[in-house]
Amino acid sequence: MSTSPPQSSGAGLLGRLRWGLGVERQYVRIGFVRKSQFRVEFVNQVLMDLCFYASFILTFDILYGLGGEGRLNLGGWTHEEMRVYLGMVFVADGLFMTFLGQQWHFGQDLKNGNLDSIRVRPGSTAFLYFFQRFSPEGLTNLLFGLGWLAYALVGVVPEQTAALTLLWSLPCAVAVIAWSQVFLMLSYNVVEFWLLNSDVGHLVSMLLSNFGERPLEVYPSAIGRLLKFVLPVAGMAWFPASLVLGRLDAGFALAYPFLLLGFAVVVLRIFRRGLRRYESAMG
Amino acid sequence: MSAAAARGPLLLLRMVAYEFRKRIQFRAGFVVREVLNGTVEPLVMLFVYTALYGSAASLAGGATEGDEVALGGWTYREIIQYVAGLVVVRKLVFHNRALDLAPEIFEGRVTKYLVMPFRFFVLLQGRFLQFTLMQLAVATLAWCIGYALAPEYWLVPVSAAATLQAVTLVLMGSYCCFLVFFILNAMAFWLDVIWSLLVMAWFVIGFTGGALVPVSQMPEGMYEVLSYGFPYWMITAPIELLMGRLGAGDFLHGAALVGGQLLALDLLRRWVWRRGLARYVGAGM
């Protein structure tokens, strides 16, 4: 693997992508080496996320069961649809835990000046910093999440969505989740540049993740619009689940990824501006 | 009283003052960690419940507020009050992030406390007391703000006695949490990383206590089992006491159950600490 990203425009996007994948492969290798040393911790982290998933599944089983099975709905989402929605939430969480675990340390690292070693490396600071902590246990939970999603989809095929439709909609849904998770995470953390080590990033992350873990139809329309169009938390589970379940009209389904693209561009610009404020030890 | 006996309480007071100073160091962080802590989930559940009861009402033929639908023995108005109670009660519950004992053990820094002429645990009790005093003030403020904004929906205690009983149960439960988190932190004598245990415990305590759904709204079998645990008496039961759904008899029953669990946890805490110290070499892991 080359030690620096291709600088010339001739190398193009493909060269940069290959370089990025090479870096990520090294992070994956280091992640496995590190975690093989902490075997109990591996099991604990898998169990921890399974507890999180179980609490969600049980909560909605209890809530839907209150009115007699198959009678109640949540903002128009039936129990079977909600299971698919939870599948998307678990996949989003699995992706986040697998690749983006370093974000929990961003405020503290910013305060302590720990970004120095990242900034002098030849490549995107955001990518090199936030993707550095690959987690095999997160990957295990991602597989559990995908397993649950498959189980939930069995409950809605073929009544609600055709198996053939899933062939294209499911990969698109997972891609949207991955894209949204990365740029939403970045947007939560940029606040820390201005409010150093305040935990505001964590609070915003917790607040919006919590909102995104339930269908947007349960919120007042103003909050729903905010979560769709301003801070597109909808990309985390609502849009992917709606896409797979055929709940979206074609125009919206085609246009929404462009909104996510625009959001990513804005967040990256703000991140770069924030990075200019970085002065090694800031706290 | 001998000088040695007076030293313990004085040290505890100093620790409380010290912990307060640490907490208010970063003002934005203070607001986020201490004031807004525990408000997000209840807010989200409020919307979920509103949608759920809306669905139930439409199934019942558009029931109005006068003839409210009950789900699992809870009307919509009661659920709103429960969620309001959650905002206040959860602030008083000792948080899994509030102790930092594990790094001290892991990095071999416990030694400096062991040579001091007092019990190390007093320092951590100071942390618990500081947390409780601060959160009592924050919870009171949160209740006042909620009551000022929505007096007709907010949870108003049925009596002063119920308030006293509820606060007693919450604080006993909170001390149980403190002991649980101490024990899990002390696992650092054996394990490399323990934060996942803390987060797992936090999930389990929250769910089994009723942080997402009131335990008494859960299916009968679950309720029967969970009503023996301190989390139920720390979250759901105190709110039900404040609402008047439970009475003095229930309080006594709960206090006895939680008291027993508190003693058992304290014995376990002492045992784990002794066993851990026997392994400790003071050089870090």
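Residues numbered from 1 in each chain as written. Chains lettered and ligands numbered in written order. Predicted model: local features only at pLDDT ≥ 70, side-chain atom pairs only at ≥ 80, totals over all residues. Heavy atoms only, no water.

Among soluble globular proteins, nonpolar side chains are generally buried collectively. Core analysis: the biggest nonpolar cluster contains 174 residues, and Phe130 of chain A together with Phe181 of chain B have the highest contact counts within it. At 14 residues, the largest contribution of residues to this core is made by helix H8 (residues 160-186) of chain B. Residues within four places of phenylalanine 130 of chain A in sequence aside, it is in contact with Phe99, Leu100, Gln102, Gln103, Phe106, Met185, Leu186, Asn189 and Phe271 of chain A. (Core = buried A, V, L, I, M, F, W, Y, C linked by side-chain atoms within 4.5 Å. Buried < 20%, exposed > 50% of the residue type's maximum accessible area, 1.4 Å probe, protein only. Helix = DSSP H or I, 4+ residues; strand = E, 2+ residues; numbered from the N terminus. Contact = heavy atoms within 4.5 Å.)

Time to look at the side chain of serine 187 of chain A. Residue and element names in this part refer to chain A. Along the chain, serine 187 turns up in helix H8 (residues 163-189). Residue classification places serine 187 among the buried residues on the basis of a relative accessible area of 12%. Among the polar contacts made by the side chain of serine 187, one reaches the main-chain carbonyl oxygen of leucine 184 at a distance of 2.6 Å. Contacts of serine 187, omitting those with residues within four sequence positions, involve Leu231, Phe263 and Val267. (Polar contact = N/O pair within 3.5 Å; in protein donor to acceptor, adjacent residues only side chain to side chain.)

This part is about the interface of chain B and chain A. Between chain B and chain A, the residue contacts involve 40 residues of the former and 40 residues of the latter. Carbon and sulfur atoms supply 77% of the area buried between chain B and chain A, which totals about 3500 Å² over both sides. Interface area lost by chain B to chain A is led by Val40, Phe47 and Leu52 of chain B, which between them contribute 16%. Where the side of chain B that touches chain A is concerned, the elements lending two or more residues are helix H2 (27-35), helix H3 (40-59) and helix H9 (195-209) of chain B. When residues in the side of chain B that touches chain A are grouped by element, the largest group, 13 residues, is from H3 of chain B. A per-class count over the side of chain B that touches chain A returns 31 nonpolar, five polar and four charged. (Buried area = accessible area lost by both parts, 1.4 Å probe. Nonpolar A, V, L, I, M, F, W, Y, C, P; charged D, E, K, R; others polar.)

This part takes up the packing of aromatic side chains. Counting across every chain of the model gives 49 aromatic pairs over all chains. Residues phenylalanine 252 of chain A and tyrosine 256 of chain A carry aromatic rings whose centres are separated by 5.3 Å and whose planes lie at 25° to one another, so their mutual orientation is stacked. You can see phenylalanine 252 of chain A and its partner tyrosine 256 of chain A sitting in helix H13 (residues 250-275), four residues apart, about one turn around the helix. Relative accessible area serves as the criterion here: at 2%, tyrosine 256 of chain A is assigned to the buried category. Consider the rings of tryptophan 74 of chain B and tyrosine 82 of chain B, whose centres lie 5.2 Å apart with planes at 80°: the pair is edge-to-face. Across the ring face of tryptophan 77 of chain A, the terminal group of arginine 247 of chain A is positioned such that the distance to the ring centre comes to 4.0 Å. (Phe/Tyr/Trp six-rings, centres within 6.5 Å; stacked < 30°, edge-to-face > 60°. Lys NZ or Arg CZ within 6 Å of the ring centre and 35° of its normal.)

Attention now goes to H8 of chain A. Because each turn of an α-helix spans 3.6 residues, side chains separated by three or four positions end up pointing in the same direction. For H8 of chain A, which comprises 27 residues, the first-to-last C-alpha distance of 39 Å matches the rise-based estimate of 39 Å (1.5 Å per residue) to within 8%. At serine 169 of chain A, H8 of chain A shows its largest kink, close to 35°, and the proline proline 171 of chain A lies no more than four residues downstream. (Expected span 1.5 Å × (residues − 1). Bend = angle between axes of the 7 residues up to and from the residue.)

For side chains of opposite charge, pairing can occur when their charged atoms come near one another. Residues and elements named next belong to chain B. This model, assessed by the stated rule, comprises 12 salt bridges over all chains. Here arginine 90 makes a salt bridge to glutamate 41, at a shortest N to O gap of 3.0 Å. Residue arginine 90 is found in helix H4 (residues 76-92), and its partner glutamate 41 is found in helix H3; the two are separated by 49 residues along the sequence. Assessed through its relative accessible area of 11%, arginine 90 is described here as buried. A relative accessible area of 29% places glutamate 41 in the partly exposed class. When the shortest N-O distance is used, the salt bridge between aspartate 100 and arginine 127 registers 3.4 Å. (Salt bridge = Lys/Arg side-chain N within 4 Å of Asp/Glu carboxyl O.)

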